[in-house]
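Here are the chains, one letter per residue:
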Amino acid sequence: MAQGSPQDRRSLLLLNFAKIRIYIFKMVMRVTSSEKVDKENRYSDFSIVSLPYPGCEFFKDFRDLGYNGEGLRFNWCQAFVDAQLVIPERSMSSRVAHDWNNYRKWDLVRLTQNYLKLLLTYAHEGSAGLLVHCISGWDRTPLFISLLRLSLWADGLIHSSLDPAQVMPAVLENYWVVCGYPLELRSIQAEHRFFFHNCFFFLIFDVCNNF
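Per an unreviewed UniProt entry, the protein goes by the name Tyrosine specific protein phosphatases domain-containing protein and belongs to Meganyctiphanes norvegica.

S.K.: Explain the environment of D99 to me, using residue names and the numbers behind them.
M.R.: The residue D99 is located in the loop between α3 (90-93) and α4 (108-125) in this model. Excluding its chain neighbours within four sequence positions, the residues that come into contact with D99 are W106 and R110. Side chain to side chain, D99 and W106 meet in a polar contact 3.5 Å long.

S.K.: I'd like to hear about the packing of aromatic side chains, residue by residue, with values.
M.R.: For the structure on display, the rule yields 13 aromatic pairs. Taking 5.5 Å as the distance between ring centres and 70° as the angle between the ring planes, the aromatic pair formed by W76 and Y103 counts as edge-to-face. Of this pair, W76 sits in the loop between α2 (59-64) and α3 while Y103 sits in the loop between α3 and α4, and the two are 27 residues apart along the sequence. Using a relative accessible area of 5% as the deciding quantity, one classes W76 as buried. Within the aromatic cluster, the residues linked to one another by ring pairs are Y53, W100, W106, Y115 and F144.

S.K.: Describe the layout of surface pockets, listing the residues and the values that go with them.
M.R.: Estimates place the volume of the second largest pocket at around 210 Å³. Taken together, ten residues make up the lining of the second largest pocket; nearest its centre are L130, I145, L148, R149 and L152. Those elements that provide at least two residues to the lining of the second largest pocket are α4, β3 (130-134) and α5 (140-154). Among the elements that line the lining of the second largest pocket, the one with the most residues is α5, at four residues. In the lining of the second largest pocket, the residues fall into eight nonpolar, one polar and one charged.

S.K.: Account for α5, with residues named and values stated.
M.R.: Its 15 residues place the ends of α5 21 Å apart at the C-alpha level, agreeing with the 21 Å of an ideal helix rising 1.5 Å per residue. With twelve of its 15 residues buried, α5 lies for the most part within the structure. For α5, every residue scored as buried is listed here: R140, T141, P142, L143, F144, I145, S146, L147, L148, L150, S151 and L152.

S.K.: Got a sec to walk through the packing of α5 against helix α6 (residues 164-177)? Specific residues and values, please.
M.R.: Where α5 meets α6, the axes come as close as 10 Å, and the angle between the chain directions of the two elements is 150°. Comparing their axes, α6 and α5 come out roughly antiparallel. Here the hand of the crossing between α5 and α6 comes out right-handed. For the pair formed by α5 and α6, the contact residues are P142, L143, I145, S146, R149, L150 and W153 on the first element and P164, V167, M168, V171, Y175 and W176 on the second. Looking at side-chain class alone, the contact of α5 with α6 contains eleven nonpolar, one polar and one charged residues.

S.K.: Before we move on, can you summarise the nonpolar core with the specific residues and values?
M.R.: Of all hydrophobic cores here, the largest spans 46 residues; its most connected members are Y53, I87, W100, Y115 and L118. A per-element tally of this core places α4 first, with nine residues. Ignoring sequence-local partners within four residues, the contact set of W100 consists of L85, I87, R90, S93, W106, N114, Y115 and L118.

S.K.: Hey, could you go over α6 for me, with residue numbers and the actual values?
M.R.: Counted at 1.5 Å a residue, the expected span for α6 with its 14 residues is 20 Å, and the 19 Å between its end C-alpha atoms agrees. Within the span of α6, buried status applies to V167, V171, Y175 and W176. Down the axis of α6, the buried set is contained in an arc of 110°. They therefore lie on one face. Seen from the open side of α6, the exposed residues pointing more than 90 degrees away from its buried face are A165 and V177. At the N-terminal end of α6, a side-chain oxygen is found 3.0 Å from the backbone nitrogen of A165, two or three residues along, and the residue is D163.

Rules used in this analysis
- Residues numbered from 1 in each chain as written.
- Predicted model: local features only at pLDDT ≥ 70, side-chain atom pairs only at ≥ 80, totals over all residues.
- Heavy atoms only, no water.
- Helix = DSSP H or I, 4+ residues; strand = E, 2+ residues; numbered from the N terminus.
- Contact = heavy atoms within 4.5 Å.
- Polar contact = N/O pair within 3.5 Å; in protein donor to acceptor, adjacent residues only side chain to side chain.
- Phe/Tyr/Trp six-rings, centres within 6.5 Å; stacked < 30°, edge-to-face > 60°.
- Buried < 20%, exposed > 50% of the residue type's maximum accessible area, 1.4 Å probe, protein only.
- 1 Å grid on protein atoms, 1.4 Å probe; cavity = no way out; pocket = protein on both sides within 12 Å on 5 of 7 lines; lining within 4 Å.
- Points joined across faces, edges and corners; volume = space filled by probe spheres on them.
- Nonpolar A, V, L, I, M, F, W, Y, C, P; charged D, E, K, R; others polar.
- Expected span 1.5 Å × (residues − 1).
- Axes fitted to C-alpha atoms, helices over the stretch in contact; angles between N-to-C directions.
- Parallel < 35°, antiparallel > 145°, perpendicular 65-115°, else oblique.
- Left-handed = near helix turned anticlockwise from the far one by under 90°.
- Core = buried A, V, L, I, M, F, W, Y, C linked by side-chain atoms within 4.5 Å.
- Arc of directions from axis to C-beta.

This is how it looks when you write it as structure tokens:
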């Protein structure tokens, strides 16, 4: 990490992420994102937003409820959970919701809705680049990137040459398959369906002007 972090920082600056928004959907693990353990403050120029979101283990509950996220709440009181919600720019978050202190009471649908609306607010109104990632980049990252891309596409801001029958396969291929999503492993663990079903299940809640 000591060698990689300076190179990462230079790459981020080169790509106009001078005031980057780094979103980390993470639970405590034996590994962590480099900017979270940056003792030398190499990421001090960047704005880091931490949005705690359940890991893949939780998504068995989603499956067991028939792939229904309404009323499904994560148990934030478990001993291994140490991630905290951090949103430096309150001017952004206040446009999405006023009860962020109660995020642990939100069900899976509302949690996903508010995180997505916050990401879209930064994408539309932010003055610099936006980087979204979780620890491994396999599950939560493609989930939110897919929702972001589909929302921006629906607004006619990206992929304008693609129709609905084309944009969905493009999203699946570019942000799931090509990125090496461990489909077989998640299938064995009965966890992989959440990310596909929740991504598309959530689309029925993603049809108003807020998205």
